[in-house]
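Chain by chain, the residues:
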Amino acid sequence: MFRTAVHPGLWEHKGKVAAVGVGHQGTARRWDGTAENSVGAWSIAACRKAIADAGVNPADIDGLVLDTTTTTGAHWPAGREIPMDVVAKFNQTDDPLDGIAKLSGEWIVKNMPELTNVKYIMTGPGCMSACIVVAAQAIGDGLCHTSLVLKSWHNLDGRYYQGGANAEPTISGPAKWTNPWAGPASLGTATQFQRYMYKYGKSHDLMAPFMQNSRHNGLLFPEGYWAQHRPEELPAEDYINARWVAKPANLFDNDIPIMASAAYLFTTAERARDLKQKPVYILNHASDNLKARGFGGFPTLEECETACENVGTRLFEGAGLKPDDLSFENMYDGFSLFHVFHLEGLRSHGIGKGDALDAFKGDISINGPFPISPSGGNVGSGRTRFWKHTDCIQQIQGRAGARQMKLPANVGVSGGPMPTGGNFTVWGSSPD
Amino acid sequence: MELSGGRFLISFDIDGTLELGDPPGRITTEMVKRARDLGFLVGSCSDRSATSQKAIWERMNMEADFISLKHMLDDVKQRFDMHRYLHIGDRDLDQMFAEQAGFDFLWEHEAYTEPWLDWLNGAGGPIAGQP
């Protein structure tokens, strides 16, 4: 299912799978406790929008790929009462938190009666990036022909990443080997970026143009959190002066947790030709499986660089393309600092190791020769890990609205989450 | 303006403290205006950017005497020579930065009764919630 060999060869399903529909629902900073704004309800709405956008008959859908986890840091607190009035509004599975703080395929099918022919249900663990890879391979392999691809996020009141083991005074179990230093979630990335700055003679301030550009692009994303709730640009001074969370990662380098849902409709290239929207062809997918050797489970900078470089090689070789064939890139940015590693791993448009921060001084906007993160990513629209994928589809379809890049959007790349262990996709306007 | 009990400054955190914050807190715009009208210097010290804090004050239809990042509370103290400094917030970090900067500190849930109004009567002792 996952293509992890350094030289996996041309993808056998290149150009034979296409994205045709997009649906978004949300956003909100936190769940308001109502049934209509639950993560389950938003997931249904996003799926229905994607189906309508594609112009597909729901009865023709035979696949559903989703991430059953809907948070990384807002788990339902032990002992907290489950709102059974919300549960009762839906056709529930045997888990009362299904549709509230998690999401199963069974729950979706039970609550979308129009999905009468779904036979293939699969998990894409952790991220829309994984869901896309799984769905693309499944359609290519003939396990299904038309699939919803769904990723949703809930967020609860209270602070993110403060519950569970993080609230305990000591660490036990396997986590004692991976979390020995305490610290916030961005600690590992901050450590890598500190090493990066030393290795290449750079400074954190050089991230400012990327952050400004990302927020600006995010404000052009109508479905995004900042566009909807706090339409504020991010001047360089605001970014540079922000409080350190784990130096050199500051508040804005850490993405803002939100609630949102996104769904895509994937199908075969043959079926896509007759649908409502222009098909966006999947030219390849690739994944990383590097295991960090460092104590504490944090990959070193060099391990990140190796992983990103390997992913770049896999992506282009498997798509039959060269790095400079990329029209734009939408690699992951939550935490913002590792976007640098992802970008350099692509080795596109002359950006190699140690070059990204200097590249940010140039025109990286949607009007430039090689737009960097035209989606705005998590920096520009909140923590969902899916804006980048939506943007790739919409850019190539010519439906990115105010975000539409000036030059033709023929080939894009997106994926994540982390530099090590992520899943990545090459999208194209042509199947060839 | 010098109040009867001295010169006082109140710093408000925003999210979880002011009613316009996200999440909303219990400190209303009316309370902030009342303090300002009575002669307190009022402003905000938040993790929000300066741009974002200015937008909040515009929504309150008020001009802040100061806007600062939360971890720069000590700069506020250096800018203004006052008899008392108070920061109000809802997070451990608010308390930590307030104490580091030499501010009195009130949790948001302790502050909505406006205990600073007692200062106008010359009540100079510890404020509610302080040891």
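Reading guide: rules and limits
Residues numbered from 1 in each chain as written. Chains lettered and ligands numbered in written order. Predicted model: local features only at pLDDT ≥ 70, side-chain atom pairs only at ≥ 80, totals over all residues. Heavy atoms only, no water. Helix = DSSP H or I, 4+ residues; strand = E, 2+ residues; numbered from the N terminus. Rg over C-alpha atoms; globule rule 2.2 N^0.38 Å. Buried < 20%, exposed > 50% of the residue type's maximum accessible area, 1.4 Å probe, protein only. Patch = residues over 30% accessible without salt bridge, like charges linked within 9 Å, V, L, I, M, F, W, Y side chains within 5 Å. Areas by Shrake-Rupley, 256 points an atom, 1.4 Å probe, with all protein chains shown as cover. Salt bridge = Lys/Arg side-chain N within 4 Å of Asp/Glu carboxyl O. Pairing = 2+ DSSP bridges. Contact = heavy atoms within 4.5 Å. Axes fitted to C-alpha atoms, helices over the stretch in contact; angles between N-to-C directions. Core = buried A, V, L, I, M, F, W, Y, C linked by side-chain atoms within 4.5 Å. Parallel < 35°, antiparallel > 145°, perpendicular 65-115°, else oblique. Left-handed = near helix turned anticlockwise from the far one by under 90°. Nonpolar A, V, L, I, M, F, W, Y, C, P; charged D, E, K, R; others polar. Buried area = accessible area lost by both parts, 1.4 Å probe. Lys, Arg positive; Asp, Glu negative; His and termini not counted.

J.: Explain the overall build of chain A here, please?
T.: Looking only at helices and strands, chain A features 15 helices and eleven strands. A compact globule built from 432 residues would reach a C-alpha radius of gyration of about 22 Å, and chain A, at 20 Å, matches this within 12%. With the principal axes as the frame, chain A shows a C-alpha extent of 60 × 55 × 40 Å. Out of the 432 residues belonging to chain A, those deemed buried represent 59%.

J.: Help me understand a nonpolar patch on the surface, please; the structure alone is not making it clear to me.
T.: All names here are of chain A. Taken together, the side chains of M1, F2 and L143 make up a nonpolar region of the molecular surface, amounting to roughly 270 Å² of accessible area. Tracing the backbone shows F2 in the segment before β1 (17-28). Classification of F2 as partly exposed rests on a relative accessible area of 38%.

J.: What should I look at first to understand the pairing of strand β7 (residues 259-268) of chain A in this one?
T.: Two faces belong to every sheet, and in a regular strand the side chains alternate between them. Residue and element names in this part refer to chain A. Burial runs high along β7: ten of the ten residues are buried. Direction of pairing for β1 relative to β7: antiparallel, over a ladder of nine bridges. Bridge pairing in β7 links Q25 to S261. Where strand β4 (residues 146-153) and β7 come together, eight bridges link them in antiparallel fashion. Across the sheet, S152 pairs through a bridge with S261, a residue of β7.

J.: Just to check I follow, could you spell out the environment of G89 of chain B for this structure?
T.: Residue and element names in this part refer to chain B. Following the sequence through the fold, G89 ends up in strand β4 (residues 84-89). Taking the C-alpha atoms as reference points, G89 and T28, separated by 61 residues in sequence, lie 13 Å from one another. Once residues within four sequence positions are removed from consideration, G89 is found in contact with D13, T17, D94, F105, L106, W107 and E108.

J.: I keep staring at helix α12 (residues 339-346) of chain A and nothing clicks. Help me out?
T.: Two residues of an α-helix separated by three or four positions point the same way, owing to the 3.6 residues in each turn. Residues and elements named next belong to chain A. Along α12, eight of the eight residues are buried, which leaves the element largely enclosed by surrounding structure. For α12, the set of buried residues is H339, V340, F341, H342, L343, E344, G345 and L346. Looking one or two residues beyond α12, the residue adopting positive phi is R347, at roughly 50°.

J.: What am I meant to see in the sheet that holds β4 of chain A here?
T.: Where strands meet in a sheet, backbone hydrogen bonds hold them as pairs that are either parallel or antiparallel. All names here are of chain A. On the basis of which strands lie adjacent, the open sheet formed by nine strands has the order β3-β2-β4-β7-β1-β8-β11-β10-β9 and mixed pairing. What marks the edges here is a single partner per strand, and that holds for β3 (120-123) and β9 (328-331). Across the sheet, the axes of successive neighbouring strands diverge by a mean angle of 25°, strand direction being ignored. Along the sheet face, helix α1 (residues 39-54) touches β1, β4 and β7 and points at about 140° away from the line of β1. Packing against the sheet, helix α11 (residues 301-319) makes contact with β8 (280-287), β10 (411-416) and β11 (423-428), and its axis sits at approximately 140° to β8.

J.: Hey, could you run me through the nonpolar core in this one?
T.: If you look at soluble globular proteins, the nonpolar side chains tend to sit buried side by side. M207, F266, F360 and W427 of chain A are the most contacted members of the largest nonpolar core, which totals 128 residues. The dominant element in this core, judged by the number of residues it contributes, is α1 of chain A, at nine residues. One finds I10, M31, V32 and L106 of chain B within the second-largest nonpolar core, a separate group that totals 22 residues.

J.: What should I look at first to understand the pattern of salt bridges in this one?
T.: Side-chain pairs of opposite charge can arise where the charged atoms are in close proximity. Tallied over the full model, the rule gives 29 salt bridges over all chains. We note a salt bridge from K353 of chain A to E309 of chain A, for which the minimum N-O separation is 3.9 Å. Note that K353 of chain A is positioned in the loop between α12 and α13 (356-359) and E309 of chain A in helix α11, a separation of 44 residues in sequence. D15 of chain B is paired through a salt bridge with R48 of chain B; the nearest N and O atoms lie 2.7 Å apart. Placement of the pair is D15 of chain B in the loop between β1 (8-12) and α1 (29-37) and R48 of chain B in the loop between β2 (41-46) and α2 (50-59), with a sequence separation of 33 residues. Classification of D15 of chain B by relative accessible area gives partly exposed; the value is 22%. According to the relative accessible area criterion, R48 of chain B is buried, its value standing at 7%. Each member of the salt-bridge network shares a partner with another, and the members are R243 of chain A together with D13, D47, K70 and D94 of chain B.

J.: What is the right way to look at the packing of α11 of chain A against α12 of chain A in this model?
T.: Two numbers describe a pair of packed helices, the interaxial angle and the distance between the axes. Residue and element names in this part refer to chain A. Look at α11 against α12: their axes get within 7 Å of each other, and the N-to-C directions meet at 45°. Relative to α12, the element α11 is oriented oblique. Between α11 and α12 lies a crossing of right-handed hand. Here L301, C304, E305, C308, E309, G312, L315 and F316 of α11 come into contact with α12, specifically with F341, H342, E344, G345 and L346. Residue composition of the contact of α11 with α12, grouped by class: seven nonpolar, three polar and three charged.

J.: Help me understand the interface of chain A and chain B, please; the structure alone is not making it clear to me.
T.: When the parts come together, some accessible area is lost, and that loss is often what is quoted as the size of the interface. At the interface, 14 residues of chain A touch 15 residues of chain B. Taken together, both faces of the contact between chain A and chain B bury some 1200 Å²; the carbon and sulfur share is 47%. Between chain A and chain B we count two salt bridges in total. For R30 of chain A, the salt bridge is made with D22 of chain B, and the minimal N-O distance between the two is 2.7 Å. For the side of chain A that touches chain B, a count of residues per class yields five nonpolar, one polar and eight charged.

J.: Is there a simple way to explain the side chain of E329 of chain A in this structure?
T.: All names here are of chain A. Among the secondary structure elements, E329 is positioned in strand β9. Despite its burial, E329 pairs with no opposite charge, the nearest such side chain being K388 at 10 Å. Not counting the four nearest positions on each side in its chain, E329 is found in contact with H339, L343, L346, F370, P371, I372, S373, P374 and V413.

J.: Just checking my understanding: could you explain the pairing of β1 of chain A for this structure?
T.: Residues and elements named next belong to chain A. Where burial is concerned, most of β1 is hidden: ten out of the twelve residues are buried. Two strands pair when backbone bridges link them, and β1 and β8 are joined in this way by two bridges, in the antiparallel orientation. When the bridges of β8 are listed, A18 appears paired with Y281.

J.: What's the story with the sheet that holds β4 of chain B in this structure? I'm lost.
T.: Residue and element names in this part refer to chain B. Spatial ordering of the open sheet is given by β3-β2-β1-β4-β5, a layout of five strands whose pairing is parallel. In the strand order of this sheet, the two ends are held by β3 (66-69) and β5 (104-107), each with one partner. Strand-to-strand twist of the sheet, defined as the mean angle between neighbouring strand axes without regard to direction, takes the value 25°. By the bridge criterion, four bridges tie β1 to β2 in an arrangement that is parallel. When the sheet's bridge partners are listed, L9 is paired in β2 with L41.

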